[in-house]
Amino acid sequence: GAVVSQHPSWVICKSGTSVKIECRSLDFQATTMFWYRQFPKQSLMLMATSNEGSKATYEQGVEKDKFLINHASLTLSTLTVTSAHPEDSSFYICKAVAGRNEKLFFGSGTQLSVL
Amino acid sequence: GENVEQHPSTLSVQEGDSAVIKCTYSDSASNYFPWYKQELGKRPQLIIDIRSNVGEKKDQRIAVTLNKTAKHFSLHITETQPEDSAVYFCAAEVGNQGGKLIFGQGTELSVKP
């Protein structure tokens with residue numbers, strides 16, 4: 001079946017540094033990528049939607065200058081957490097869509113811990 | 001925008017009993033409703049989904065029912081087993097924005113042997 005590879009799976013960084021998370025669709029073209037954040041024991045909260053070649057659409061309350069999303073190709077989308085702080089510590093997960101009404105594929109998730 | 005409410009937040013059942021989780025949604029244009037099972041630290045796994053053109057769907061011990069008029073849908077797990085223990089999330093697709101899901105708050109299911 002279709003696979004979305006997400007890296008890294010776990011990252012620990014110092015406060016103030018930036019972290020890049022990558023999601024690659026390995027055997028299909030992801031026209032749309034969704035990025036979610038999940039705090040412990042909470043639900044998945046949609047952060048932004050990105051379409052290949054265009055700017056991402058951010059959900060209300062999500063800082064676009066802090067969470068930089070790039071979807072430069074149909075197989076790669078990246079989320080960069082800039083100037084990370086401890087409150088950014090969370091589980092980040094991408095979800096790829098191949099066209100309308102196609103099945104949705106989650107990445108494996110990235111656990112970010114900011115010290 | 002779409003809002004999804006899920007209940008209960010925790011559910012404990014004895015092995016072999018049934019478990020029911022309920023969700024309501026607000027966007028009448030939503031047509032796709034998946035259910036996910038998530039184990040600690042792992043990605044959500046799709047376990048069953050339903051589209052608005054049907055009222056019920058079943059896959060072995062798992063079934064989902066949908067009432068579009070009332071805007072609610074439910075997950076039913078029969079003959080529960082300890083390995084069913086996990087957090088379950090319902091979701092609703094936003095209007096016609098293909099693939100954009102809004103998730104419920106989650107239900108932590110515990111199946112006691």
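Our structure is the block above this text.
A brief report on the enclosed structure follows. (Residues numbered from 1 in each chain as written. Chains lettered and ligands numbered in written order. Predicted model: local features only at pLDDT ≥ 70, side-chain atom pairs only at ≥ 80, totals over all residues. Heavy atoms only, no water.)

With that out of the way, let us pick up the pairing of strand β4 (residues 32-38) of chain B. Residues and elements named next belong to chain B. Most of β4 is tucked away, with 7 of its 7 residues classed as buried. The two faces of β4 match: Tyr32, Pro34, Tyr36 and Gln38 on one face and Phe33, Trp35 and Lys37 on the other face are all buried. Judged from the 6 bridges that link them, β4 and strand β5 (residues 45-51) form a sheet pairing that is antiparallel. Of the residues in β5, the one forming a bridge with tryptophan 35 is isoleucine 48. With 4 bridges connecting them, β4 and strand β9 (residues 86-93) associate as antiparallel partners. Paired with tryptophan 35 across the two strands is cysteine 90, which belongs to β9. (Buried < 20%, exposed > 50% of the residue type's maximum accessible area, 1.4 Å probe, protein only. Helix = DSSP H or I, 4+ residues; strand = E, 2+ residues; numbered from the N terminus. Pairing = 2+ DSSP bridges.)

The subject of this paragraph is the interface of chain A and chain B. Of the residues lining the interface, 21 residues belong to chain A; the matching set on chain B comes to 18 residues. Summed over both partners, the interface of chain A with chain B comes to about 1,500 Å²; 55% of that surface belongs to carbon and sulfur atoms. Between the two partners, chain A and chain B, sit 1 salt bridge. Glutamate 59 of chain A serves as the salt-bridge partner of lysine 100 of chain B, at 3.0 Å between the closest nitrogen and oxygen. The tally of links between chain A and chain B comes to 6 residue pairs in polar contact (both at pLDDT 80 or more). Sorting the residues of the side of chain A that touches chain B by element identifies β4 (32-38), β5 (45-51), β9 (90-97) and β10 (104-106) of chain A as the ones contributing at least two each. With 4 residues, the top contributor of residues to the side of chain A that touches chain B is β9 of chain A. Looking at the side of chain A that touches chain B residue by residue, the classes come out as 10 nonpolar, 7 polar and 4 charged. (Contact = heavy atoms within 4.5 Å. Buried area = accessible area lost by both parts, 1.4 Å probe. Salt bridge = Lys/Arg side-chain N within 4 Å of Asp/Glu carboxyl O. Polar contact = N/O pair within 3.5 Å; in protein donor to acceptor, adjacent residues only side chain to side chain. Nonpolar A, V, L, I, M, F, W, Y, C, P; charged D, E, K, R; others polar.)

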